[in-house]
Amino acid sequence: PSLGKVAGEVTLDATILRDTSEVVLLAGPMTISSVVYEGLSVAWRRRGERILISVPASSAGRKVRLSVRYQAKPQRGMYFVSADPKYPTRTVQAWTQGEAQDNRFWFPGWDYPNDRFTTEVRVSIPKALTALSNGRLVDDKVEGQRRICHWKMDKRHVNYLVTLVIGKFVEQDLGTYKSRVKLPLYVREPHLENFSRSFDQMHQMLDFLEKYTGRNYPYGKYAQIVVTDFLWGGMENTTATTLTEHTIHDARAEGDWSSDGLIMHELAHQWFGDLITCNDWTALWLNEGFATYFESLYFEATRSRDEFDVDRVQSMGWYLHSSYWRPIHERKFGHPDDLFDGHTYGKAAAVMHMMREEMGADVFRRGVQKYVADYADSLVEAHDLRRAMEAVSGLSLGSFFAQWIHRAGHPKVSFDWRWNATQNMLSLDIEQTQDGEAYHFTLPITVHVGDNVSHHRVRIHRKNQTVSLPFSTAPDCVEADPRRHILMERFFEKSAQELAYQMQNGSSAVSRRWAVDESGMYTEMGEREIVRAALLTVIANDKEHYTVRKQAAGRLAYGADVSTRGILLRHLKEEHNSRVRAAVAAALGEYNDGEVASALKRAFGKDDSYKVSAAALTAYAATGARDTLAMARRALKVRSHREVVAIAALGVLTQRGGTKAKNSLQGATVWGQPHLLRRAAARELGRFGKNYPKFADEIVEHLKTLLADPMRMVAMGAVDGLRTLKHQGSLQALRSFAERSATRTMRRKTLEAIKVIHKASSSVREEKMQERVDDLDERLQKLDDRLRDIESR
């Protein structure tokens, strides 16, 4: 392809399944110049994105060859990166993104997941560039100023997994796994210094997946290529995963970020998604649920049980914070892109974990191995996984799938426990408050009585249920589902004493973190002292999981507690874990004295963590220091991983910069600034305009220009800014942007913004109408009073 254009020929070897005189291909808006069927030119016609090809009558079972010459200028499917003097390290690239149904925009094909076939890609490019596609490199030769690359994928896969990436890349060899899987990595030259820390566990990850699934890596190579401006974190194209450049980070970011989860997720897809593929998009959760859950399973095997739980709960939270509920196995959707949400990832992974808890870890693993063995190189639906799991477990999982896969929502559960000293009995009241029928699940309960910790499992099957357990002494703490095995929203009100106990002695990191979070409700002096003592123990325990200690830092600073100020200052200086240190820096923003401000300023300038610098800047601004704005403007020029420091500076300017901040915010959106910073600045402009309505019209016009920005992330930042501003003058521009959006996801988010603005305008109209009605009522009342006065004369 030349920049922005694709011209070529696609040849398909196919088998006629039934008697037919017409073949259908999907070709987006591309121009078709000729169609050749079995060596002869044939007629064709277009119907939307479909190309209907008239062929001689063919009987079922006949093998045929079809060739289509085409030209395209894809708005989706293939994306182009241009070199630019404003960004000296950028180089020209072209890369594709096929999932869900966008490969039809750069080559004609059957762009659905319900067919598998081998593929070959030949590409002609300038000889200085490199090309990567699926499978093995058959030929790579230079003819004059052009390079001709020929890639062949011998094993069958589906259309959305076909890939092509072109650009100036340097190939790095990550070794050959067990002498049978080549592991090439392609990065741009600026990343040569830092790439290794993101990919140093490749052999360990492959070994884990092979042992867990019972099947060797299915292909001869696993290439990874790191591209500029990628739409997502990664894409699991068969044998050739595409990754965002944010995968790679420098040494200063090492303590704050890890790419292990992303790398593992895309690698797991080579089994779950590529070797085994959903038969239609309804079953997409089988691809993404397994890949998401295997991130957690890998952390369980290589890190700790707490890391396993924390990672699971984090992905579960993506689902629980959704604004809508639908079945995981959703059959009603406008476009398959609509299914890429917290249900398909987080909820699906949580359901797989509940299945493991129901049948036991070893049995679940055998079920996964049977699923992989039975359906390798196949297309699957929900019942295929159910059959595999039932076969190894002996369980009937019909009701489990009906409840968790085919039903929308989840249980909302309230807990309350009481102790009967006369009967030596603990009673735990459990109430499900969601609409509809009760969910059935096995609830783990952990009871702490002195040094004794006992674990129980109780079957829950009614909306109101009481569980009674005998104990000779009153419990110190009762934990319901302490490791968060069950997908549910839970409500459990506890005393300050019990929360303090649970913070220090809870049976999992996620249980202890929950107790720390809940302790914020206690602000009375006596109760505050109880929880404060426990919080001090938590933050001082360097063996505690960092997520628990982070939460404790915020709770210790609550209300600018003078008694904990010195302790937080010490942790800012001496704490080794940068994530905890960042939380401490953020917490110190509760105080406004000179010593705290000096410590935060020092942390901003000298700490070896980007996240600590960013948190310290925001907290420093909260202390009210006089040089806050000058410091924030300097921070705008600081380059950091994901631009976290400069983005923090934008937030400070929006909140504390007054009207003068407008120029700095607008300046951060201009071409030449880092694109992540430009996106954040567009969002902040929306907040600024909401704070200063007199600038709203000007800001709307500026954000409307950003809707046409060639960088998709910046355009979406402008959408977010306009959504926050809720200005009626932006509606037409947003409608136009939605129509020309490069991806379905961009279009959906833009339409959501339009709805928010419409709703806001309706509220304003209703308020104005109500004001007019009230005014009319008042005037009528006055007229009525005058009439009565006249009548009384």
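Residues numbered from 1 in each chain as written. Predicted model: local features only at pLDDT ≥ 70, side-chain atom pairs only at ≥ 80, totals over all residues. Heavy atoms only, no water.

A closer look at the environment of R735
Line of reasoning, step 1. Tracing the chain through its elements places R735 in helix α23 (residues 731-740).
Line of reasoning, step 2. R735 gets classed as partly exposed once you look at its relative accessible area, which sits at 34%.
Line of reasoning, step 3. Between the C-alpha atom of R735 and that of S495, which follows or precedes it by 240 residues, the distance is 52 Å.
Line of reasoning, step 4. For R735, the contacting residues outside a window of four places in its chain are I754 and H758. (Helix = DSSP H or I, 4+ residues; strand = E, 2+ residues; numbered from the N terminus. Buried < 20%, exposed > 50% of the residue type's maximum accessible area, 1.4 Å probe, protein only. Contact = heavy atoms within 4.5 Å.)

Side note on the packing of aromatic side chains
Line of reasoning, step 1. Taken as a whole, this structure holds 28 aromatic pairs when the rule is applied.
Line of reasoning, step 2. Where Y160 meets W281, the ring centres are 5.2 Å apart and the plane angle is 50 degrees; that geometry is what we call tilted. Within this pair, whereas Y160 is found in the loop between β13 (146-157) and β14 (164-167), its partner W281 is found in the loop between β20 (276-278) and α3 (284-302), the two being separated by 121 residues in sequence. Both residues of the pair, Y160 and W281, count as buried.
Line of reasoning, step 3. Where Y293 meets F364, the ring centres are 6.1 Å apart and the plane angle is 75 degrees; that geometry is what we call edge-to-face. Taken together, the residues Y293 in helix α3 and F364 in helix α6 (residues 361-375) connect sequence positions 71 residues apart. Like Y293, the residue F364 is buried in the burial classification.
Line of reasoning, step 4. Joined through ring pairs, the aromatic side chains of F208, Y212, F272, F290, F294, Y298, F299, Y371 and Y375 make up one cluster.
Line of reasoning, step 5. Taking the ring centre of Y112 as reference, the NZ or CZ of R104 above it sits at 5.6 Å.
Line of reasoning, step 6. Between the NZ or CZ atom of K494 and the centre of the ring of F492, over which it lies, the distance is 4.4 Å. (Phe/Tyr/Trp six-rings, centres within 6.5 Å; stacked < 30°, edge-to-face > 60°. Lys NZ or Arg CZ within 6 Å of the ring centre and 35° of its normal.)

Thoughts on the nonpolar core
Line of reasoning, step 1. F199, W285, F294 and Y371 are the most contacted members of the largest nonpolar core, which totals 243 residues.
Line of reasoning, step 2. It is α3 that contributes the most residues to this core, ten residues altogether.
Line of reasoning, step 3. Beyond its immediate sequence surroundings of up to four residues, F294 is in contact with F208, L209, Y212, T213, M264, A268, F272 and V368. (Core = buried A, V, L, I, M, F, W, Y, C linked by side-chain atoms within 4.5 Å.)

Re unusual backbone geometry
Line of reasoning, step 1. Across the junction of E99 and A100, the peptide omega takes the value 10 degrees, indicating a cis bond.
Line of reasoning, step 2. Along the polypeptide, A100 turns up in the loop between β9 (93-96) and β10 (117-126).
Line of reasoning, step 3. With a phi angle near 70 degrees, T239 is a residue other than glycine that sits in the positive phi range.
Line of reasoning, step 4. Judged by its relative accessible area of 1%, T239 is buried.
Line of reasoning, step 5. With a phi close to 55 degrees, K726 is a non-glycine residue in the positive phi region.
Line of reasoning, step 6. Relative accessible area serves as the criterion here: at 35%, K726 is assigned to the partly exposed category.

Here we look at the sheet that holds strand β5 (residues 44-47)
Line of reasoning, step 1. A sheet is described by the order of its strands in space; here three strands give the open sequence β2-β6-β5, paired in antiparallel fashion. The open sheet has two edge strands, β2 (20-26) and β5, and neither has a second partner. Along the sheet, successive strands turn relative to each other by an average axial angle of 30 degrees, direction set aside.
Line of reasoning, step 2. Relative to strand β6 (residues 50-58), β2 runs antiparallel, the two sharing six bridges. (Pairing = 2+ DSSP bridges. Axes fitted to C-alpha atoms, helices over the stretch in contact; angles between N-to-C directions.)

A look at empty space enclosed by the protein
Line of reasoning, step 1. Scanning the entire structure with this criterion turns up three cavities of 30 Å³ or more.
Line of reasoning, step 2. Considered as a void within the structure, the largest cavity measures approximately 50 Å³ in volume.
Line of reasoning, step 3. Considering the residues around the largest cavity, the lining is formed by T292, Y293, S296, R312, S315, M316, G346, A349, A350 and H353.
Line of reasoning, step 4. For the lining of the largest cavity, the elements supplying multiple residues, two or more each, are α3, α4 (305-320) and α5 (343-359).
Line of reasoning, step 5. It is α5 that provides the largest number of residues to the lining of the largest cavity, a total of four residues.
Line of reasoning, step 6. Of the pockets and cavities examined, the second largest cavity occupies roughly 40 Å³.
Line of reasoning, step 7. In terms of lining, the second largest cavity is formed by E479, A480, P482, R490, F492, K494, Q502, S511 and W514.
Line of reasoning, step 8. Mapped by element, the contributors of at least two residues to the lining of the second largest cavity are β27 (477-480), β28 (489-492) and α10 (509-518).
Line of reasoning, step 9. Classifying every residue of the lining of the second largest cavity by side-chain character gives four nonpolar, two polar and three charged. (1 Å grid on protein atoms, 1.4 Å probe; cavity = no way out; pocket = protein on both sides within 12 Å on 5 of 7 lines; lining within 4 Å. Points joined across faces, edges and corners; volume = space filled by probe spheres on them. Nonpolar A, V, L, I, M, F, W, Y, C, P; charged D, E, K, R; others polar.)

Some remarks on the sheet that holds β13
Strand pairing in a sheet relies on backbone hydrogen bonds, with the paired strands running either antiparallel or parallel.
Line of reasoning, step 1. Strand order across the open sheet formed by three strands is β10-β13-β12, with antiparallel pairing between neighbours. Each edge of the sheet is formed by a strand with only one pairing partner; in this case those strands are β10 and β12 (136-143). The sheet shows a mean angle of 10 degrees between the axes of neighbouring strands, direction not considered.
Line of reasoning, step 2. Where β10 and β13 come together, nine bridges link them in antiparallel fashion. What sits directly across from R122, in β13, is H150.

Overview of helix α22 (residues 712-725)
Line of reasoning, step 1. Taking 1.5 Å of rise per residue, 14 residues should cover 20 Å, and α22 covers 20 Å from first to last C-alpha, within 8% of that figure.
Line of reasoning, step 2. For α22, the tally of buried residues reaches eleven of 14 residues, placing the bulk of the element in the interior.
Line of reasoning, step 3. Of the residues making up α22, those classed as buried are R712, M713, V714, A715, M716, G717, A718, V719, G721, L722 and L725.
Line of reasoning, step 4. In the stretch just after α22, K726 is the one whose phi turns positive, near 55 degrees. (Expected span 1.5 Å × (residues − 1).)

Function cannot be inferred from these measures alone, as they are strictly geometric.
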